[in-house]
Amino acid sequence: MRIGVLGTGNMADALATHWVRAGHQVTIGGRDAHKAERLAARIGGGVKPAGLRAAAEFGQEVVLAALPFGVGVEVARDLHEALEGKVLIDCSNPVGPGFRLLTEGGPSAAQQLAAAAPGAHVVKAFNLCHEDVWRMRPPVFDGRPLAVPVCGDDATALARVRELVRDVGCEPVAGGGLERAGLLEATAALFIALWVGEGADAQAIAPPLAYAAGPSHGEAEGGAGSSRSSG
């Protein structure tokens, strides 16, 4: 694929590096030409530096918006014509001081991006982990690849993003339509608060899939410490 990357920060670096290694063509776009040049040189593999508009135009199939919440909407609005018909990946997290969700009560960051570039096919992905997790080659824990929820409304766009998820060494998970992107953003806010604010293991808050609906009847009957409601 030809992928345009909007941004020169850590997420742009981490994801673009994987995609170049997987054989994709990438152009890094930034407002600061020197930062774009430095990042393109660091990644190597034929990556080209450019301005934001040139990067958006280069990404024939996919454009990654690796931009802070709020900035992405401004850039997408300015580049909406160059983004027409393309997959636009949103990896931002609208999380503010006190681990507060900045979009609470309103449209998600991904929905705001879609409104700013109505001709693009916005997909929410890659927002639940720190950038250094995305730098891992690959992100595998206890033999299990990291699962990446993906939310979007266009089938072709989702298929392309699933391919890019696999190119990072992860497993894509269907997260539903773009209207569910806000749930991913809220999950990120909760996880960050647990990891950073409390030093807690966020992974431990959910049971394994086999127990998602509770233990089986036999296990419930015979398990130690089991009890039954009398109500």
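Above this text you will find the structure in question.
Residues numbered from 1 in each chain as written. Predicted model: local features only at pLDDT ≥ 70, side-chain atom pairs only at ≥ 80, totals over all residues. Heavy atoms only, no water.

Asks: Describe in detail a nonpolar patch on the surface, supporting the description with residues and values.
Replies: A cluster of nonpolar side chains, contributed by Phe99, Trp195 and Val196, occupies part of the molecular surface with about 290 Å² of accessible area. The topology assignment puts Phe99 in the loop between β6 (95-96) and β7 (100-101). Phe99 sits in the partly exposed class, given a relative accessible area of 32%. (Patch = residues over 30% accessible without salt bridge, like charges linked within 9 Å, V, L, I, M, F, W, Y side chains within 5 Å. Areas by Shrake-Rupley, 256 points an atom, 1.4 Å probe, with all protein chains shown as cover. Salt bridge = Lys/Arg side-chain N within 4 Å of Asp/Glu carboxyl O. Helix = DSSP H or I, 4+ residues; strand = E, 2+ residues; numbered from the N terminus. Buried < 20%, exposed > 50% of the residue type's maximum accessible area, 1.4 Å probe, protein only.)

Asks: Just give me the short version of the sheet that holds strand β1 (residues 2-6), but keep the residues and values in it.
Replies: Spatially, eight strands are ordered β3-β2-β1-β4-β5-β8-β11-β12 in an open sheet, and the strand pairing comes out mixed. The open sheet has two edge strands, β3 (48-50) and β12 (171-174), and neither has a second partner. In this sheet, adjacent strand axes meet at a mean angle of 30° when their direction is disregarded. Here β1 pairs with strand β2 (residues 25-29) via five bridges, running parallel. When the sheet's bridge partners are listed, Ile3 is paired in β2 with Val26. Strands β1, β4 (62-65), β5 (87-90), β8 (121-124), β11 (147-152) and β12 of the sheet are contacted by helix α7 (residues 155-167), whose axis makes an angle of about 160° with β11. (Pairing = 2+ DSSP bridges. Axes fitted to C-alpha atoms, helices over the stretch in contact; angles between N-to-C directions. Contact = heavy atoms within 4.5 Å.)

Asks: Mind laying out the pattern of salt bridges, listing which residues take part and the relevant values?
Replies: A pair can form between side chains of opposite charge whenever their charged atoms are brought close. One pass over the full model with this rule turns up seven salt bridges. Here Arg53 and Asp78 are joined by a salt bridge, their closest N and O atoms 3.6 Å apart. Pair noted here: Arg53 is in helix α3 (residues 52-58) and Asp78 is in helix α4 (residues 71-78), with a separation of 25 residues, a long-range link. Judged by its relative accessible area of 37%, Arg53 falls in the partly exposed class. Among the salt bridges present, the one from Asp90 reaches Lys124, with a minimum N-O distance of 2.8 Å. With a gap of 34 residues between them, Asp90 in strand β5 and Lys124 in strand β8 connect regions that are remote in the sequence. For the pair shown, Asp90 and Lys124 are each scored as buried. Residues joined by salt bridges that share partners form a network here, namely Asp13, Arg42, Asp132 and Arg135.

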